[in-house]
Structure formats: C-alpha cells, structure tokens
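What the coordinates show
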Amino acid sequence: MSQKTRFVALLAAGALAVSMSACSGAPGGATAADCNVGITMPTRSLERWINDGEQLQAKLKEATCTVDLQYADDKVDQQISQIQNQIAGGAKILVIASIDGTALGPVLEEAAKQKIKVIAYDRLINKSPNVDYYATFDNYKVGTLQGTFLKEQLKLDSATTPINFEAFAGSPDDNNAKFFFSGAWDVLLPYVTKGTLVVPSGKAPKSNDEWTTIGIPGWKSDKSQAEMDNRLSSNYAGGKKVQAVLSPNDSLAIGIEASLKSAGYKVGTDWPMITGQDGDKANVKAILAGEQAMTVWKDTRKLGDRVFQMIQQISKGEKVEVNDEKTYNNGVKVVPSFLLEPEVVTKDLVQSKLIDSGFLKASDVGL
C-alpha cells in the first residue's frame with residue numbers, strides 16, 4: 001500500500017472513529033470531538049520535552065479532551081508520520097514542537113484541508129501558511145539575558161586584559177536557535193570586535209546571519225563535547241585557558257562541561273564561566289557545584305498553561321489571545337504569537353526560583 005493510499009485509509013477510519021465518539025465534557029461546553037488534540041514532541045532525549053508533553057497531556061485529559069501524545073526520536077519522517085496518524089484519527093487541533101521547522105509543509109496542507117488548527121509549540125514552523133498560532137518564550141530575550149550576564153560578570157566594559165572566549169549556537173534546523181544566538185551576539189559581538197573578548201578557535205561569526213557556522217546539530221551533548229574537545233586541543237596549548245563560554249542551552253553546556261573536565265579544568269582554579277538554558281536537573285546540579293554559572297529558566301508549565309488556554313479558546317470558537325503579531329515571520333506569513341518571559345537563575349536563586357516554585361524537587365538536585 002502506498003503512503004498516500006495508507007493515509008487516505010487512516011483518514012477514513014479516523015473520521016468513522018470520531019463520528020462514534022462521545023460528545024460531551026470538553027472545555028466550556030465544547031464537544032469531545034472539538035477538543036481532540038494531537039501533540040507531537042521532538043524527542044525524549046531531552047528532559048524538558050518529556051515534561052512539556054506529559055504536563056500538557058495531563059491538563060487536557062483532566063478537561064476530558066481526547067489526546068494523542070507522541071515523541072519523534074529526533075526523526076523528521078517519524079514526526080510527519082505521527083502527525084498524519086493524528087489527522088487520520090480525527091484531531092481538530094495539532095500542537096507541534098517541530099524537529100525541522102521547514103519540513104512539515106505537505107502534512108500541514110493535509111491538516112488545513114481538514115480545517116485542523118495548528119499551534120507551533122516553542123519552535124516556529126517555517127515555510128507554511130498553515131500555522132495558525134505560535135506559543136513560546138521571548139527567545140531573543142533568552143539570548144540577551146545570556147549575553148548580558150557574561151558582559152556584567154566578566155566586567156567587559158572595564159576589562160583591561162583580553163578574555164579568552166568561545167561561543168556555541170544551537171541546532172541549525174531549529175528556528176529558535178537563531179533568536180537565542182542573535183540576542184546574545186548583539187550584546188557580545190562589539191567586545192569581540194574590540195578585542196576585549198578573544199576567540200582563539202576563530203569561531204566567531206561576523207554577524208548574526210552566520211550563526212549556523214557554529215551550530216551544534218540536534219542540540220546534542222556529545223556533539224558539543226566533541227566540538228569543545230577539538231577547540232581545546234587545537235587552540236589552547238601552552239597553558240592558555242578558555243575563560244568564558246556562551247552555551248545557548250543546558251544540553252550543550254553539559255557536553256562542554258564534560259570536555260573541560262577531561263581537559264583537566266578545575267572548579268575554583270581555572271574553570272570558565274558557562275551559560276545555559278532550561279533548568280535541567282543535571283545542569284542545576286552543575287550550577288550548585290560551580291560548574292555552570294547560570295541557566296535561563298523558561299517555566300514550561302506556564303507555556304503549557306498558555307497552550308491549554310489556546311486549545312480551549314479554539315474548541316469553543318473564541319478569539320485566541322496573542323500578544324505579538326509582528327516578530328515571527330515564518331517565510332510565508334507572520335504567525336500570531338504569545339510570548340512568555342524567561343528569567344536568569346544562578347546558584348543563589350535555585351532555591352527560591354526552581355525549588356520553592358515546585359519546578360524541581362530539592363532531592364532532584366541534591367538539596
């Protein structure tokens with residue numbers, strides 16, 4: 001059976017299943033058929049995606065919505081197949097955290113034919129007119145917070161000797177990575193240009209547009225570790241030490257930190273200042289141990305709450321609340337968006353921000 005024939009068969013079966021489903025109990029009087037939601041997350045290999053998917057699923061089930069939650073193991077074809085199955089299964093709303101933001105155009109055309117609403121979850125879906133809403137954090141601000149942290153902690157405005165610095169960027173296929181890097185680089189590039197920050201590896205993009213030249217595919221810790229290994233072995237001989245690293249997220253930071261340990265760097269003596277993002281448990285432990293200077297925390301529970309509200313509004317035929325209709329152009333349209341605020345967490349803020357809020361348990365991070 002061809003993929004197209006199989007998809008048509010699945011679609012017919014899904015339509016029959018929906019016609020036989022219960023039609024009560026969904027948000028605000030909407031029917032269960034109206035609140036039939038397909039959620040596709042990119043991977044289980046990063047802690048945050050597990051948390052995001054399961055928390056949103058729980059809220060929807062509590063509201064008696066029909067929910068199908070899938071993880072795509074970082075495989076684009078698998079994510080496309082999962083979305084096809086959700087369309088065929090009668091989904092009225094799709095929540096998609098894409099692996100490749102440019103690869104979903106054809107399957108979203110099928111969704112549009114079925115009048116299915118699409119919410120891009122934390123990663124913008126590009127090159128498609130069939131993206132109805134985008135929910136995320138202010139990703140440019142994430143980078144700005146990282147860059148500003150390094151600027152202030154390294155006292156770049158008053159530094160009298162050059163500081164050895166290395167920069168990393170996120171996965172080239174993730175639209176968010178561009179915003180993270182741009183926010184940080186707009187703060188830090190002037191200091192690279194002046195020579196206050198020196199990049200021994202030479203891997204210092206001349207503009208934001210060149211960010212993919214230092215991107216780490218798939219946000220993989222092992223790849224960032226290998227890249228840092230290469231930079232250290234090739235550019236830091238003779239006692240030269242790296243003093244600061246721009247890491248756009250926690251998974252890359254873990255790899256960078258593993259590389260530094262292998263190279264003999266010690267906390268309290270020659271350990272560099274390293275940024276991060278997400279508030280992953282392993283990285284919070286690293287912050288408490290002095291191995292990571294900060295993380296930009298995005299309380300993904302708030303993101304899930306916002307997407308849940310969007311789903312309720314769509315299900316009830318209400319106007320969907322957004323707060324940005326200018327920033328996120330996916331190459332075809334400006335996607336109506338809701339942006340949430342990120343915040344910096346350092347060692348002295350772990351308890352008040354992450355533990356007291358219930359985001360993490362004290363026992364998760366050794367407190």
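Residues numbered from 1 in each chain as written. Predicted model: local features only at pLDDT ≥ 70, side-chain atom pairs only at ≥ 80, totals over all residues. Heavy atoms only, no water.

1. Remarks on the pairing of strand β5 (residues 133-137)
Put simply, the rule is: Each residue is placed in one exposure class: buried if its accessible area under a 1.4 Å probe, protein chains only, is under 20% of its type's maximum, exposed if it is over 50%, and partly exposed if it falls in between. Put simply, DSSP marks the helices as runs of H or I at least four residues long and the strands as runs of E at least two long, and each gets a number from the N terminus on. DSSP-based pairing: two strands are paired if at least 2 bridges between them are found.
For β5, the tally of buried residues reaches five of five residues, placing the bulk of the element in the interior. Because side chains alternate across β5, one face comprises the buried residues Y133, A135 and F137, and the other comprises Y134 and T136, equally buried. In this structure, strand β4 (residues 117-121) lies alongside β5, joined through three bridges in parallel fashion. Bridged to Y121 within β5 is A135. Direction of pairing for β5 relative to strand β11 (residues 337-340): parallel, over a ladder of four bridges. Across the sheet, the residue bridging to F137 is L340, located in β11.

2. Notes on the packing of aromatic side chains
As a reminder of what qualifies: Only rings of Phe, Tyr and Trp enter the pairing, Trp through its six-membered ring, and a pair is recorded when the two centres are within 6.5 Å. The plane angle decides the type: under 30 degrees is stacked, over 60 is edge-to-face, the rest tilted. When the NZ atom of lysine or the CZ atom of arginine is within 6 Å of a ring's centre and also within 35 degrees of its normal, the charge is said to sit over that ring.
Scanning the entire structure with this criterion turns up six aromatic pairs. Considering the side-chain rings of F165 and W185, the 6.3 Å spacing of their centres and the 20° angle between planes classify their relative orientation as stacked. In this pair, F165 sits in strand β6 (residues 163-167) while W185 sits in helix α6 (residues 175-194), placing the two residues 20 residues apart along the sequence. Members of the aromatic cluster, joined through ring pairs, are Y134, F179 and Y328. Over the ring of Y71 we find R44, and its NZ or CZ is 4.1 Å from the ring centre. Stacked on the ring of F168, the Lys or Arg R231 has its end atom at 4.1 Å from the ring centre.

3. Side note on the pattern of salt bridges
Counted only if it meets this: What makes a salt bridge here is a side-chain nitrogen of Lys or Arg within 4 Å of a carboxyl oxygen of Asp or Glu, nothing more.
Evaluation of the coordinates by the stated rule reveals 18 salt bridges. Across the pair E110 and K113 runs a salt bridge whose closest N-O atoms are separated by 3.7 Å. With E110 and K113 both in helix α4 (residues 105-113) and three residues apart, this pair spans about one turn of that helix. Looking at E110, the relative accessible area reads 26%, which means it is partly exposed. In this structure K113 comes out as exposed when scored by relative accessible area, which is 58%. For R306, the salt bridge goes to E321, with nearest N and O atoms at 3.2 Å. Of the two residues, R306 is situated in helix α10 (residues 300-315) and E321 in the loop between α10 and β11; the sequence distance between them amounts to 15 residues.

Any functional reading would require information beyond the geometric quantities listed.
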